[in-house]
Amino acid sequence: MKSKKLNLKETQYAIEKLKDYFSHNLRRKLNLVRVSAPLFVRSKSGLNDGLNGEGPVVFKAKGINENLEVVHSLAKWKRDALARYNFDVYEGLYTDMNAIRREEDLDKNHSFYVDQWDWELVIHESDRNLKFLKRIVKKIYSTLKATENRINKIYPNLSKKLPRNIEFINSLDLYNQYPKLTPEQREYEAVKKYGAIFVYGIGYDLPDGKPHSKRAKDYDDWELNGDMVVYDKVNDQALEISSMGIRVNKNSIQKQYNLSAEEISLISPYHKRLINKELPFTIGGGLGQSRIAMFLLEKKHIGEVQVSVWDEKNLDDAFQKEITIL
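Residues numbered from 1 in each chain as written. Predicted model: local features only at pLDDT ≥ 70, side-chain atom pairs only at ≥ 80, totals over all residues. Heavy atoms only, no water.

If you check an unreviewed UniProt entry, the protein appears there as Aspartate--ammonia ligase from Metamycoplasma neophronis.

Listed below in structure tokens is the structure:
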């Protein structure tokens with residue numbers, strides 16, 4: 001499929017419209033309020049997300065006698081904030097998160113700069129189940145579809161890309177369907193068949209001794225989390241646009257760390273609060289703003305919808321393909 005590009009000015013207008021419409025509908029669907037978010041946190045707080053062990057950007061600031069680090073994402077910070085702000089059950093927050101992931105491998109989908117709608121919702125303990133997770137996923141997917149419809153009306157040269165429904169697939173079932181393929185290849189085969197999938201249950205090892213993908217141990221419950229993936233026809237690829245899940249409780253974090261409650265509570269103030277049951281039960285995740293814009297606006301490279309710094313390989317490849325990197 002040939003990319004149906006908007007020019008630079010049209011792209012900027014379209015990104016603004018897309019972000020405004022998506023965030024408005026996400027807020028309404030999940031009962032969220034927009035809040036300010038940190039660009040950096042104290043290292044000792046334990047509130048930065050560790051991702052898969054990548055090192056954050058760390059710096060010293062005048063008058064602060066400890067290290068500060070630029071955030072990777074805000075899963076732990078949001079849960080802590082919901083407690084501090086006294087949010088009630090089925091109330092939540094979202095924020096426009098900006099982050100730096102300095103160890104990212106750059107390509108058409110990955111940048112050092114990350115922009116997400118990071119959201120978090122307070123739930124009942126009884127909501128910690130797969131049925132509730134799927135219900136929230138469907139709400140988010142309906143928001144994505146509504147945004148696609150809106151943008152396509154404004155720019156009718158864009159095509160319809162999303163199927164009516166999203167397909168749910170357990171990571172183990174996906175492995176059993178394609179045991180000889182890599183996790184990325186499995187996702188590609190499934191999403192090309194269905195158009196949009198949610199792969200859930202990510203973190204624990206599969207029969208080959210490897211997880212579907214690595215997950216941090218201290219925010220998502222690996223049995224109640226997952227990734228939303230869409231088929232990007234422009235690039236003929238599976239494109240992940242969201243990672244989300246029901247968050248760990250005392251039992252699941254102990255299982256994922258394989259440590260005692262006492263040992264986990266010593267990791268950081270955040271971990272101690274979690275073990276002491278001082279944090280609310282929540283569900284949350286991140287929705288990649290540039291990934292969604294890239295997909296809905298039918299771009300070949302994420303650099304067409306965000307400004308970042310790129311290595312020579314990406315710049316040369318974009319030049320050869322006549323792609324304008326911002």
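Read on, since the account is not over.
S.K.: Could you give an account of the pattern of salt bridges, with specific residues and numbers?
M.R.: Under the criterion given, the structure shown has 19 salt bridges. Between Glu120 and Lys78 there is a salt bridge; the shortest N-O distance is 3.3 Å. You can see Glu120 sitting in strand S6 (residues 113-122) and its partner Lys78 sitting in helix H2 (residues 75-84), a full 42 residues away along the chain. Given the relative accessible area of 0%, Glu120 is considered buried. Lys78 sits in the buried class, given a relative accessible area of 0%. Put simply, Arg273 and Glu278 hold a salt bridge, and the shortest N to O gap is 3.5 Å. Each of Lys78, Asp118, Glu120, Asp220 and Arg247 takes part in a single network of salt bridges with overlapping partners. (Salt bridge = Lys/Arg side-chain N within 4 Å of Asp/Glu carboxyl O. Helix = DSSP H or I, 4+ residues; strand = E, 2+ residues; numbered from the N terminus. Buried < 20%, exposed > 50% of the residue type's maximum accessible area, 1.4 Å probe, protein only.)

S.K.: Which residues make up the sheet that holds strand S5 (residues 92-100), and what are the values?
M.R.: Spatially, the eight strands line up as an open sheet ordered S1-S5-S6-S11-S10-S9-S8-S7, and their pairing is mixed. Edge positions in the sheet fall to strand S1 (32-34) and strand S7 (167-170), since each has one partner strand and no second. Across this sheet, the average inter-strand angle for adjacent strands is 25°, counted without regard to direction. Of the pairings in the sheet, the one linking strand S8 (residues 196-200) to strand S9 (residues 220-232) comprises five bridges and is antiparallel in character. Residue Ile197 lies in a different strand from S9, and its bridge partner there is Val229. Relative to S6, helix H1 (residues 8-30) is tilted by about 15°, and along the sheet it contacts S1, S5, S6 and strand S11 (282-288). (Pairing = 2+ DSSP bridges. Axes fitted to C-alpha atoms, helices over the stretch in contact; angles between N-to-C directions. Contact = heavy atoms within 4.5 Å.)

S.K.: I'd like to hear about the environment of Ile241, residue by residue, with values.
M.R.: Structurally, the position occupied by Ile241 is in strand S10 (residues 237-247). In this structure Ile241 comes out as buried when scored by relative accessible area, which is 4%. In this view, Ile241 contacts Leu144, Met228, Val230, Gly286, Leu287, Gly288, Arg291 and Ile292; residues no more than four positions away in its chain are not counted.

S.K.: Residue-level account of the nonpolar core, with values.
M.R.: By size, the foremost hydrophobic cluster in this structure holds 48 residues, and its most contacted members are Trp119 and Ile283. Counting only elements with at least two residues in this core, the list comes to H1, S6, helix H3 (130-154), S8, S9, S10, S11 and helix H9 (289-296). In terms of residue count, H3 provides more of this core than any other element does, eight residues in total. One finds Val71, Leu93, Ala99 and Tyr270 within the second-largest nonpolar core, a separate group that totals 24 residues. (Core = buried A, V, L, I, M, F, W, Y, C linked by side-chain atoms within 4.5 Å.)

S.K.: I'd like a rundown of helix H5 (residues 183-194), residues and numbers included.
M.R.: A rise of 1.5 Å per residue sets the reference length of H5, with its twelve residues, at 16 Å; its end C-alpha atoms lie 16 Å apart and thus fit the reference within 8%. If you check which residues of H5 are buried, you get Pro183, Arg186, Glu187, Ala190 and Val191. In an axial view of H5, the angular spread of the buried residues amounts to 115°, which keeps them on one side of the axis. In this structure, H5 carries Glu184 and Lys193 as exposed residues pointing more than 90 degrees from its buried face. Packed against the buried residues of H5 are S7, helix H4 (171-177), S8, S9 and S10. At the C-terminal side of H5, Gly195 shows a positive phi close to 95°. (Expected span 1.5 Å × (residues − 1). Arc of directions from axis to C-beta.)

S.K.: Got a sec to walk through the pairing of S11? Specific residues and values, please.
M.R.: Two faces, one strand: in a regular strand the side chains alternate between the faces of the sheet. Within S11, seven of the seven residues are buried, which leaves it mostly tucked inside the rest of the structure. Going residue by residue along S11, you find Thr282, Gly284, Gly286 and Gly288 tucked away on one face and Ile283, Gly285 and Leu287 tucked away on the opposite face as well. Looking at chain direction, S6 and S11 are connected through seven bridges and run antiparallel. The partner of Leu121 across the bridge, within S11, is Ile283. Here S10 pairs with S11 via five bridges, running antiparallel. Its bridge partner being in S11, Gly245 is matched across the sheet by Gly284.

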